[in-house]
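Now for the letters of each chain:
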Amino acid sequence: MKKFYKVFLILFIVIIAINLYAFDWNGDFLSEDNQKFIFSIAFGVIGVALLFVLNTWSKIGVKTK
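The shown structure was predicted, so the numbers you read here are calculated from the model rather than taken from an experiment. Counting from 1, residues in each chain are numbered in the order their sequence is written. Where totals are concerned, whole chains, interfaces and linings use all residues; where local detail is concerned, this predicted model gives features only for residues with pLDDT of at least 70, and gives and counts side-chain atom pairs only at 80 or more. Heavy atoms throughout the structure, all of them, feed into the side-chain values; hydrogens and water do not.

Asks: Give a detailed account of the overall build of the chain, specifying residues and quantitative values.
Replies: Regarding its fold elements, the chain presents two helices and zero strands. Considering only C-alpha atoms, the chain reaches an extent of 55 × 15 × 10 Å along its principal axes. Whether a residue is buried, partly exposed or exposed follows from its accessible area with a 1.4 Å probe, protein chains only, as a fraction of its type maximum: under 20%, in between, or over 50%, in that order. Burial statistics for the chain: of 65 residues in total, 25% are counted as buried. Two residues form a contact once any of their heavy atoms are found within 4.5 Å. Taking contacts inside the chain between residues at least 6 apart in sequence as the whole, the part at least 24 apart equals 57%. Here, Shrake-Rupley sampling with a 1.4 Å probe gives the accessible areas, and only protein chains in the shown set may cover a residue. On the chain, roughly 5400 Å² of surface is accessible, and the fraction owed to carbon and sulfur atoms is 71%. On the chain, the mean spot of the 7 positive side-chain charges and the mean spot of the 4 negative ones are 39 Å from each other. Think of it this way: any DSSP run of H or I at least four residues long counts as a helix, any run of E at least two long counts as a strand, and we number them from the N terminus. Only four residue types enter the charge count, namely Lys and Arg as positive and Asp and Glu as negative; His and the chain termini do not. By convention, the charge on Lys lies at NZ, on Arg at CZ, on Asp at CG and on Glu at CD.

Asks: Now, about the nonpolar core: what can you tell me, with residues and values included?
Replies: Core analysis: the largest hydrophobic core is formed by seven residues, namely Tyr5, Leu9, Phe12, Ile16, Ile41, Val48 and Leu51. Within the residue set of this core, elements represented by two or more residues are helix H1 (3-22) and helix H2 (32-60). Top contributing element to this core by residue count: H1, with four residues. Other than its neighbours up to four places away in sequence, Ile16 contacts Ile41, Gly44, Val45 and Val48. We define a nonpolar core as any set of buried Ala, Val, Leu, Ile, Met, Phe, Trp, Tyr and Cys residues linked to one another through side-chain atoms lying within 4.5 Å.

Asks: Account for H1, with residues named and values stated.
Replies: In this model, H1 (20 residues) spans 29 Å end to end at C-alpha, consistent with the 28 Å of a helix rising 1.5 Å per residue. Taken residue by residue, H1 has Tyr5, Leu9, Phe12, Ile16 and Asn19 as its buried positions. Relative to the axis of H1, the buried residues are bounded by an arc of 100° and lie together on one face. Away from its buried face, by an angle of more than 90 degrees, H1 presents the exposed residues Lys3, Val7, Ile10, Ile18 and Tyr21. In the core, the buried residues of H1 are packed alongside H2. What a helix is expected to span follows from its residue count: subtract one and scale by 1.5 Å. By definition, the arc is the one covered by directions from the helix axis to the C-beta atoms.

Next up, the structure:
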């Protein structure tokens, strides 16, 4: 994995971890206060998935000897 992808992987993992920490586990799951954290976690997970897709695509074009 390239250094560029590793930086974004760490960034997305930190974003997900911060939002999981800030999530109100005692409240309603879809309450107004928790919705911003749910969306942020969802976009972080989508970002991680796209990161692995882009990393795989970058390996496809490389010729091996």
